[in-house]
Amino acid sequence: MRESTRVAVIGAGPAGLTLANLLRSAGVGCVVLERQSRSYVERRQRAGVLDHASTRIFEEWGLADALLAGTPEDRVLEIRVDGEPRVLDMHALSGGRTGRAIPQQVLVARLMAAFLDGGGDLRFDADEVTPHDLEGTGPKVTYRDADGALHEIACDYIAGCDGYHGVTRASVPAHAMTTYSYDHGIGWFTVLADAPPPRRPLFAISTHGFAAQFPRGPAACRLYLECAPDDVPADWDDDRIWEQSRLRLGDEALPTGPITEKNVVEMRSFVADPMRYGRLFLVGDAAHIITPMGGKGMNLAIADADVLARALRAAVHDGDEKPLAAYSDTCLKRVWNQQEFSRWLTELTHEAGDSALAGTFRRQLARARLDRLFASGPAGRAFADLMAGG
């Protein structure tokens, strides 16, 4: 079965679905291939915070009403130090540039609905997806559908939005790409619970280890607990989860509830350079991984999609491929800026607590940096600006 489209988008996560919606708005045809089923994609649980920069992207493309309705702003951040609350007014510090609390699966479901309702071509259960002829002017993608039939899609461009373990980056010759990686030496145990959420997003720093708690709707919350990098979910039973949460959050009366999800997140960073090979463009996690600290993973994917959609619009409608040539450099400047911010915030929040992590000297340095956020207006504003996506 042979067919053609302008852009073949591989992957239907936040990166692929954002790009597909932007291309549809730009009048650039695309087909989206996703190896998982629709029900799997809709149920897939991921944390997510939309920063101000991503909100602006959806506003500029006319998608904000469909995607962001009913999502609350994150105006205030609490950093609880040894049980004592300290509050940063992120809305005031950033000049009103605050993000929104929206779970990733909710955004994905809305992106999917917007694309399909607009007549978009989204194909689930696409197996054996393989990009071909990336260096020429006529690339193609082959895949097998749920019935085993082989399909071939000729295209002008391929967008690799299939994540860190996807096929697109693996199709780039090793000599054509430099990769950078860093292991932070810690893990995060994440929990989704049907328990009352905190009043505001919360970081907790103490000698017992880092913790965080975020609202996930009116009757659910997500907890993050620093753990050993080789921990597995079986190491954490419910009693241990709530005991450590109470201890680290400094709240003996912390309300509990049924735990619906447990996972261990690797605290690692990865960047591929360049984010392009011939007619293939890598987007989101296919090109870079960032720690959850600061909530930049999904937002970097959305930013990549915005840059690529604008560049493809220029190439297709105006015959101008200069923005495509600049795609990788444009994205990587933002990626490295956010990688540095995430690393800085990870070290600040973890080293300021348990001195066993990096020693007593670095613990005192981290505490000084933490105090500066509250004592120095410029320091607080710089932090809020980076959280907003500046």
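Quick look at the structure, then. On a predicted model such as this, the values are computed, not experimentally measured, just so you know. (Residues numbered from 1 in each chain as written. Predicted model: local features only at pLDDT ≥ 70, side-chain atom pairs only at ≥ 80, totals over all residues. Heavy atoms only, no water.)

### Section: the packing of aromatic side chains
As enumerated under the stated definition, the model contains 13 aromatic pairs in all. Here the aromatic rings of tryptophan 188 and phenylalanine 210 are separated by 5.5 Å at their centres, their planes lie at 10°, and the arrangement is stacked. With tryptophan 188 in strand β14 (residues 178-193) and phenylalanine 210 in the loop between β15 (202-205) and β16 (211-215), this pair connects stretches of sequence that are 22 residues apart. Pair check on accessibility: tryptophan 188 and phenylalanine 210 agree, each one buried. Here a set of aromatic residues connected by ring pairs shows up, and it is made of Trp188, Phe203, Phe210, Phe214 and Tyr224. Above the face of the tryptophan 236 ring, arginine 240 is positioned so that its terminal group lies 3.7 Å from the ring centre. (Phe/Tyr/Trp six-rings, centres within 6.5 Å; stacked < 30°, edge-to-face > 60°. Helix = DSSP H or I, 4+ residues; strand = E, 2+ residues; numbered from the N terminus. Buried < 20%, exposed > 50% of the residue type's maximum accessible area, 1.4 Å probe, protein only. Lys NZ or Arg CZ within 6 Å of the ring centre and 35° of its normal.)

### Description of empty space enclosed by the protein
Under the definition given, this model contains two cavities of 30 Å³ or more. What lines the second largest cavity is simply Val49, Asp74, Ala101, Pro201, Phe214, Pro215 and Arg216. Residue composition of the lining of the second largest cavity, grouped by class: five nonpolar, no polar and two charged. (1 Å grid on protein atoms, 1.4 Å probe; cavity = no way out; pocket = protein on both sides within 12 Å on 5 of 7 lines; lining within 4 Å. Points joined across faces, edges and corners; volume = space filled by probe spheres on them. Nonpolar A, V, L, I, M, F, W, Y, C, P; charged D, E, K, R; others polar.)

### Digging into the sheet that holds strand β17 (residues 221-227)
As summarised here, the arrangement of the eight strands in space is β7-β6-β15-β16-β17-β14-β18-β21, forming an open sheet in which the pairing is mixed. The outermost strands of the open sheet, each flanked by one partner alone, are β7 (84-89) and β21 (288-289). Pairing of β15 with β16 involves three bridges; the strand directions are antiparallel. Residue pairing across strands places phenylalanine 203 opposite alanine 212, the latter belonging to β16. Across the sheet, helix α11 (residues 327-351) lies against β14, β15, β17, β18 (259-273) and β21, angled at about 130° from β18, the strand it touches most. (Pairing = 2+ DSSP bridges. Contact = heavy atoms within 4.5 Å. Axes fitted to C-alpha atoms, helices over the stretch in contact; angles between N-to-C directions.)

### Points about the packing of helix α9 (residues 297-318) against α11
Where α9 meets α11, the axes come as close as 10 Å, and the angle between the chain directions of the two elements is 160°. Taken as axis vectors, α9 and α11 run roughly antiparallel relative to one another. Regarding α9 and α11, the two cross each other, and that crossing is right-handed. Between α9 and α11, the residues in contact are Leu300, Ala303, Asp304, Val307 and Leu308 and Tyr327, Thr330, Cys331, Arg334, Val335 and Gln338, respectively. (Parallel < 35°, antiparallel > 145°, perpendicular 65-115°, else oblique. Left-handed = near helix turned anticlockwise from the far one by under 90°.)

### Some details on the environment of glycine 284
Along the chain, glycine 284 turns up in the loop between β20 (280-282) and β21. Each C-alpha atom of the pair glycine 284 and phenylalanine 361 lies 36 Å from the other, and the pair is 77 residues apart in sequence. With near-sequence residues (within four places) excluded, glycine 284 lies in contact with Ala15, Ala301 and Asp304.

### A short note on α9
For α9, built from 22 residues, the straight-helix expectation of 32 Å at 1.5 Å per residue is met to within 8% by its first-to-last C-alpha distance of 31 Å. Counting buried residues along α9, 17 of its 22 residues qualify, which places the element largely inside the surrounding structure. Phi for glycine 319, located one or two positions after α9, is positive at around 70°. (Expected span 1.5 Å × (residues − 1).)

### Side note on the layout of surface pockets
Reported here for the second largest pocket is a volume of approximately 290 Å³. Pro72, Glu73, Asp74, Ala101 and Pro215 are, among the 21 residues lining the second largest pocket, the residues nearest its centre. Secondary-structure elements contributing two or more residues to the lining of the second largest pocket are β5 (73-74) and α6 (104-117).

### Some remarks on the pairing of β7
Sheet analysis places strand β6 (residues 76-81) next to β7, joined by six bridges and oriented antiparallel. Within the sheet, the bridge partner assigned to leucine 77 lies in β7 and is leucine 88. The antiparallel hairpin formed by β6 and β7 contains two residues in its connecting segment, where aspartate 82 sits at a positive phi of about 50°.

### Things to note about the sheet that holds strand β4 (residues 49-50)
Working definition: the strands of a sheet are paired by backbone hydrogen bonds and lie parallel or antiparallel to each other. Spatially, the three strands line up as an open sheet ordered β4-β8-β5, and their pairing is antiparallel. A strand with exactly one partner marks an edge of an open sheet, and here the two such strands are β4 and β5. Taken together, the two bridges between β4 and strand β8 (residues 99-101) define a ladder with antiparallel strand orientation. Looking at the pairing, valine 49 lines up with alanine 101 of β8.

### Re the pairing of strand β2 (residues 7-10)
The alternating pattern of β2 places Val7 and Val9 and Ala8 and Ile10 on opposite faces, both of which are buried. In terms of strand pairing, β2 meets strand β3 (residues 30-33) through four bridges, oriented parallel. Within β3, the position partnered with alanine 8 by the bridge is valine 31. Chirality of the crossover, the property in question, places the unit of β2, helix α1 (residues 14-26) and β3 among those that are right-handed. (Right-handed = clockwise from strand over helix to strand, strands pointing away.)

All quantities given are derived from atomic positions and should not be read as evidence of function.
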